[in-house]
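Spelled out, the chains give:
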2 protein chains.
Amino acid sequence: MNEFADSSQRKFTRPLDVERGRVDMTHGGGGRAMAQLISEIFAAAFDNPYLAQGNDMAVMPAATGRLVMSTDGYVISPLFFPGGDIGSLAVHGTINDVSMSGARALYLSASFIIEEGFPLADLKRIVQSMARASTEAGVPVVTGDTKVVERGKADGIFISTAGVGVLVDDLSISGDAIRPGDAVIISGSIGDHGVAILSKRENLDFETAIESDSAPLNGLVAAMVEAEPSIHCLRDPTRGGVAATLNELAHQSGVGFVLDEDALPIKPAVRGACELLGIDPLGIANEGKLLAFCPAEKAEALLRVMNAHPLGRDAAVIGQAVADDSRLVRLSTSFGSERVVEWLNGEQLPRIC
Amino acid sequence: MNEFADSSQRKFTRPLDVERGRVDMTHGGGGRAMAQLISEIFAAAFDNPYLAQGNDMAVMPAATGRLVMSTDGYVISPLFFPGGDIGSLAVHGTINDVSMSGARALYLSASFIIEEGFPLADLKRIVQSMARASTEAGVPVVTGDTKVVERGKADGIFISTAGVGVLVDDLSISGDAIRPGDAVIISGSIGDHGVAILSKRENLDFETAIESDSAPLNGLVAAMVEAEPSIHCLRDPTRGGVAATLNELAHQSGVGFVLDEDALPIKPAVRGACELLGIDPLGIANEGKLLAFCPAEKAEALLRVMNAHPLGRDAAVIGQAVADDSRLVRLSTSFGSERVVEWLNGEQLPRIC
């Protein structure tokens, strides 16, 4: 489907009552009520020539390079959080996944599943946030779909986005390409997103407001691969945080990692919140950060490029890949001791990304 | 994310108890439990070199032609129905949307949202059905994502797929390209899918089992555009059926339509079920049918090509586009009278496609 286009050119008797109205089952039925919802909420926000084609698919120009594709489902609770909402997150997250190949993200699709009774005002706010994030990142939402399910059959709203990009250069950036000796670089502070969501969920009032780091990393990646095409791997430490990402990569590349605790950029407010909540900042989702792995001798130059970009200002080398048949992720603590950073079993922190 | 790849190469202590087990929150947490679910259910079924890259995105070869993209969310109830299930439907529906541009569908992504407590056996059955449908259509699922939400926050399972294709030829097939005089062709019998779902939902036992027509139309479309590149428009009459599709196209192209009731291919069992349920076969979803619009003088040749394909065997000319400032869809009945085919307001038949 491609339902964000106002293809019907119809006039409706009365405009939607966005302020007080709610989504009902007719908005997902394929008829006139759905056409009005699309026209007044979606088409009004996602305005681009591909959507305006008004067909069940979007046709874009030919693009040079290998095709790259990714998808992600967003089921977060709460829907609105300091620094973003499910709409901006659904744009950033998928752009970032496409970008982690070194590709240039080109287009997004968006599939909405909405619970009957969901406030039209919230829907409009989410769609507008999504459109703004898409415009800022330069990656348009070219096609979409809306389904409505009965009350009690969803949790407000779920959004699945897919992204397509092209990989022009002769890059081979992959999770299995990390080699012992590679530097491990993080693009900035960790834990911000997870703590922002949790603080909202638990109604915690921290002295310093902690905002999600949700951001599109396509610009940062473009600068990085242009400067250092020798990058071995890029990955954004979302669900499961840096801990899950490094453990997964250790197995994929057949290496171990040693991190330096003192080098980890963690904001004091995030550190404090983690202590209060009893969680490890390494295990929490980030939505605007990436881990980069490159030959040690390239690390300094790469870091300079990252530090020059607004989203890499606090980038730092936090450790290195090592030869390790046990594929362990170890953390050297400030006291000179060492602990193993476990791959959590997954019980912790559901639905924060 | 790209979570259908068994990138971790891990061994798990015990295999999943697929027969009696259920999805729990840990399966969506990004940790070890999720890795096991991915490995034993998803990676086992969706086996292709793109998934095997094991990254958060899939990198495919460069492809020549304009890019085409579409997405659709599948929230049907019941999940299993005569002739298919939510898995096969999620593959066919999105391939069909991409194909309606005349493009060759190349790749699919799949985003799963699963309710805690969902039986692993059902999940496996759905994933295997999806993999089979994808293989049969020749369009691999190259990337995916899985999220788990708490019990009562979804309805078993929702799947959103996105599809990418390329449009090589100099085609301009679009919803706004229909001209007065164009022949309206349907590729086969209407109403089968909607009635199959409804009969299962209402526990109706019809004498003749009615099966969904769910099928991938990419092969049929390829044959059609090769033979007759002059096709003006293709569209699959899913949600809202032929009635909604023609009403939408009437407005998009600025024409009216006149259909011949006697020419509509409707299976006797479907006709009977519609009478019993009090619904109009023109208003029900189809999942393996397309409407084609072409210059009248090309209709016979196009019909021959369609009839030669297994999915177009019962294709028939069912009417024509006419000049009509009111954009009406009219049906000439067998009695020589005429009725207007309304664009339903959408209350009818939610969640059948």
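None of the values given here were measured: they were computed from a predicted structure.

## Side note on the pattern of salt bridges
Okay, step 1: Enumeration over the complete set of coordinates arrives at 26 salt bridges over all chains.
Okay, step 2: The partner of D155(A) in a salt bridge is R351(A), and the shortest N-O contact between them spans 2.9 Å. Within this pair, whereas D155(A) is found in the loop between β6 (141-149) and β7 (157-167), its partner R351(A) is found in the segment after β14 (338-340), the two being separated by 196 residues in sequence.
Okay, step 3: Judged by relative accessible area, R351(A) falls into the buried class, the value being 7%.
Okay, step 4: Across the pair E338(B) and R330(B) runs a salt bridge, and its minimum N-O distance is 3.4 Å.
Okay, step 5: Take E338(B): its relative accessible area is 45%, and that puts it in the partly exposed class.
Okay, step 6: Ionic contacts of the salt-bridge type, sharing partners, join the residues D72(A), R239(A), D145(B) and K147(B) into one network.

## With respect to the layout of surface pockets
Residues and elements named next belong to chain A.
Okay, step 1: The volume enclosed by the largest pocket comes to roughly 270 Å³.
Okay, step 2: What lines the largest pocket is a set of 17 residues, and nearest its centre among them are D213, K267, K289, L311 and R313.
Okay, step 3: When the residues that make up the lining of the largest pocket are grouped by side-chain class, the tally is three nonpolar, seven polar and seven charged.

## Thoughts on the packing of aromatic side chains
Okay, step 1: Per the stated rule, a full pass over the model turns up seven aromatic pairs over all chains.
Okay, step 2: Look at F42(A) and F112(A): their rings are 4.9 Å apart centre to centre, the planes differ by 75 degrees, and that puts the pair in the edge-to-face class. Placement of the pair is F42(A) in helix α1 (residues 32-45) and F112(A) in strand β5 (residues 104-115), with a sequence separation of 70 residues.
Okay, step 3: We classify F42(A) as buried; its relative accessible area is 0%.
Okay, step 4: Of the residues examined, F112(A) reaches a relative accessible area of 0% and is grouped as buried.
Okay, step 5: Ring centres of F257(A) and F293(A) lie 5.6 Å apart, and the angle between their planes is 45 degrees; this geometry places the pair in the tilted category. A residue pair is termed long-range when its members are at least 10 positions apart, and F257(A) in strand β10 (residues 256-260) and F293(A) in strand β11 (residues 291-294) qualify at 36 residues. Exposure class is identical for F257(A) and F293(A). Each is buried.
Okay, step 6: The ring of F80(A) has R125(A) lying over it, and the distance from NZ or CZ to the ring centre is 3.7 Å.
Okay, step 7: It is K147(B) that lies over the ring of Y74(A); its NZ or CZ is 5.9 Å from the centre.

## Remarks on the interface of chain A and chain B
Okay, step 1: In this complex, chain A contributes 88 residues to the contact, which on the side of chain B involves 88 residues.
Okay, step 2: Both sides of the chain A and chain B interface together cover about 6900 Å² of buried area, and 55% of this is carbon and sulfur.
Okay, step 3: Among the residues of chain A in contact with chain B, L67(A), M69(A) and R239(A) are the three that bury the most area, contributing 13% of the side total.
Okay, step 4: Applying the counting rule to chain A against chain B returns eight salt bridges.

## Side note on the nonpolar core
Okay, step 1: Core analysis: the biggest nonpolar cluster contains 103 residues, and F112(A), L123(A), I157(A), F257(A) and L290(A) have the highest contact counts within it.
Okay, step 2: Broken down by element, the residue count for this core peaks at eight residues, all from helix α3 (residues 120-137) of chain A.
Okay, step 3: Two domains share this core, each providing at least three of its residues, namely domain 1 (25-167) and domain 2 (183-340) of chain A.
Okay, step 4: Once you skip the residues sitting within four places of it in the chain, L123(A) turns out to touch V23(A), L37(A), I41(A), F42(A), F112(A), I114(A), F118(A) and I157(A).
Okay, step 5: Listed in part, the 102 residues of the second largest apolar core include F118(B), L171(B), A292(B) and A321(B).

## Considerations on the domain arrangement of chain A
Residue and element names in this part refer to chain A.
Okay, step 1: Segmenting chain A into domains produces domain 1 (25-167) and domain 2 (183-340).
Okay, step 2: Centre-to-centre separation of domain 1 and domain 2, based on C-alpha positions: 27 Å.
Okay, step 3: In this complex, domain 1 contributes 19 residues to the contact, which on the side of domain 2 involves 20 residues.
Okay, step 4: Both sides together, the interface formed by domain 1 and domain 2 hides about 1700 Å², and carbon and sulfur atoms give 59% of it.
Okay, step 5: The three residues of domain 1 that bury the most area against domain 2 are P82, N96 and M100, which together make up 34% of that side's buried surface.
Okay, step 6: Inspection of the region where domain 1 meets domain 2 yields zero salt bridges.
Okay, step 7: At the boundary of domain 1 and domain 2, one finds nine residue pairs in polar contact (both at pLDDT 80 or more).
Okay, step 8: Of all the secondary-structure elements, those providing two or more residues to the side of domain 1 that touches domain 2 are β3 (80-81) and α2 (86-99).

## Re the sheet that holds strand β10 (residues 256-260) of chain B
Residues and elements named next belong to chain B.
Okay, step 1: Taken together, seven strands build an open sheet; the order of strands is β9-β11-β8-β12-β10-β13-β14 and the sheet is mixed. Each edge of the open sheet carries a strand with a single partner, namely β9 (233-235) and β14 (338-340). With strand direction ignored, the average angle separating the axes of adjacent strands in the sheet is 25 degrees.
Okay, step 2: Looking at chain direction, β9 and strand β11 (residues 291-294) are connected through three bridges and run antiparallel.

## With respect to the relation of the copies chain A and chain B
Okay, step 1: Expressed as a screw transformation, the operator carrying chain A onto chain B has a rotation angle of 180 degrees and an axial translation of 0.0 Å, and the superposed copies differ by an RMSD of 0.0 Å. Such a turn and shift between the copies fits a two-fold axis. Within chain A, A154(A) has its C-alpha nearest the rotation axis, a separation of 2.0 Å.
Okay, step 2: Here 100% of the interface residues in chain A have copies in chain B that are interface residues too; the copies meet face to matching face.

## Quick word on the UniProt feature "domain: PurM-like N-terminal" (unreviewed entry) in chain A
Okay, step 1: UniProt's feature table lists "domain: PurM-like N-terminal" (unreviewed entry) at residues 54-166 of chain A, given in the numbering used throughout.
Okay, step 2: Along residues 54-166 of chain A the backbone is 28% helical and 43% strand, and the end-to-end C-alpha distance reaches 25 Å.

## Details of the sheet that holds strand β8 (residues 183-186) of chain A
Residue and element names in this part refer to chain A.
Okay, step 1: Within the open sheet, the seven strands sit side by side as β9-β11-β8-β12-β10-β13-β14. Their pairing is mixed. With partners counted over all chains shown, the strands left at the sheet margins are β9 (233-235) and β14, one partner each. Sheet twist, expressed as the average angle between the axes of neighbouring strands with direction ignored, equals 25 degrees.
Okay, step 2: Of the pairings in the sheet, the one linking β8 to strand β12 (residues 316-322) comprises four bridges and is antiparallel in character. Each residue of the ladder has a partner; that of I185, found in β12, is V317.

What counts, and where the lines are drawn
Residue numbers restart at each chain and count upward from 1, following the sequence in its written direction. All chains are assigned letters beginning at A, and all ligands numbers beginning at 1, according to the order in which they are written. Residues qualify for local features only when their pLDDT is at least 70, as the model is predicted, and side-chain atom pairs are given and counted only at 80 or more; totals for whole chains, interfaces and linings, by contrast, use all residues. Working from all heavy atoms in the structure, the side-chain values ignore hydrogens and water. Should a side-chain nitrogen of Lys or Arg be within 4 Å of a carboxyl oxygen of Asp or Glu, the pair is scored as a salt bridge. Only DSSP runs of H or I with at least four residues qualify as helices, and only runs of E with at least two residues qualify as strands; both kinds are numbered from the N terminus onward. Partly exposed describes any residue whose relative accessible area lies between the buried limit of under 20% and the exposed limit of over 50%, with all areas from a 1.4 Å probe on protein chains only and scaled to the type maximum. Every definition here rests on a 1 Å grid over the protein atoms only: cavities are sets of points where a 1.4 Å probe fits but cannot get out, pockets are open sets enclosed by protein on both sides within 12 Å along at least five of seven lines, and lining residues have some atom within 4 Å of a point. Grid points are joined across faces, edges and corners, and a volume is the space filled by probe spheres set on the points. Amino acids are sorted into nonpolar (Ala, Val, Leu, Ile, Met, Phe, Trp, Tyr, Cys and Pro), charged (Asp, Glu, Lys and Arg) and polar (every other residue, Gly among them). Each Phe, Tyr or Trp ring, with Trp reduced to its six-membered ring, pairs with another whose centre is within 6.5 Å; inter-plane angles below 30 degrees give stacked pairs, above 60 give edge-to-face pairs, and intermediate values give tilted ones. Charges are assigned to positions over rings by a cutoff of 6 Å between ring centre and Lys NZ or Arg CZ, combined with an angular limit of 35 degrees from the ring normal. Throughout, a contact is declared for two residues whenever any of their heavy atoms are within 4.5 Å. By definition, the buried area sums, over both parts, the 1.4 Å-probe accessible area that each loses when the two are put together. We define a nonpolar core as any set of buried Ala, Val, Leu, Ile, Met, Phe, Trp, Tyr and Cys residues linked to one another through side-chain atoms lying within 4.5 Å. The source of the domain bounds is an automatic or database domain assignment. Here a polar contact means two N or O atoms within 3.5 Å. Within protein one must be a hydrogen donor candidate and the other an acceptor candidate, and residues neighboring in sequence count only if both atoms are side-chain atoms. Here the rule is simple: two strands pair whenever DSSP picks up at least two bridges between them. To obtain each axis, a line is fitted to C-alpha atoms, and for helices this fit is confined to the stretch in contact; angles are then taken between N-to-C directions over 0 to 180 degrees. Least squares is used to superpose the copies, and the fit set is the C-alpha atoms of residues whose pLDDT is at least 70 in both copies. UniProt positions are given in the numbering used here, feature names are shortened, and annotations may be inferred rather than shown by experiment.

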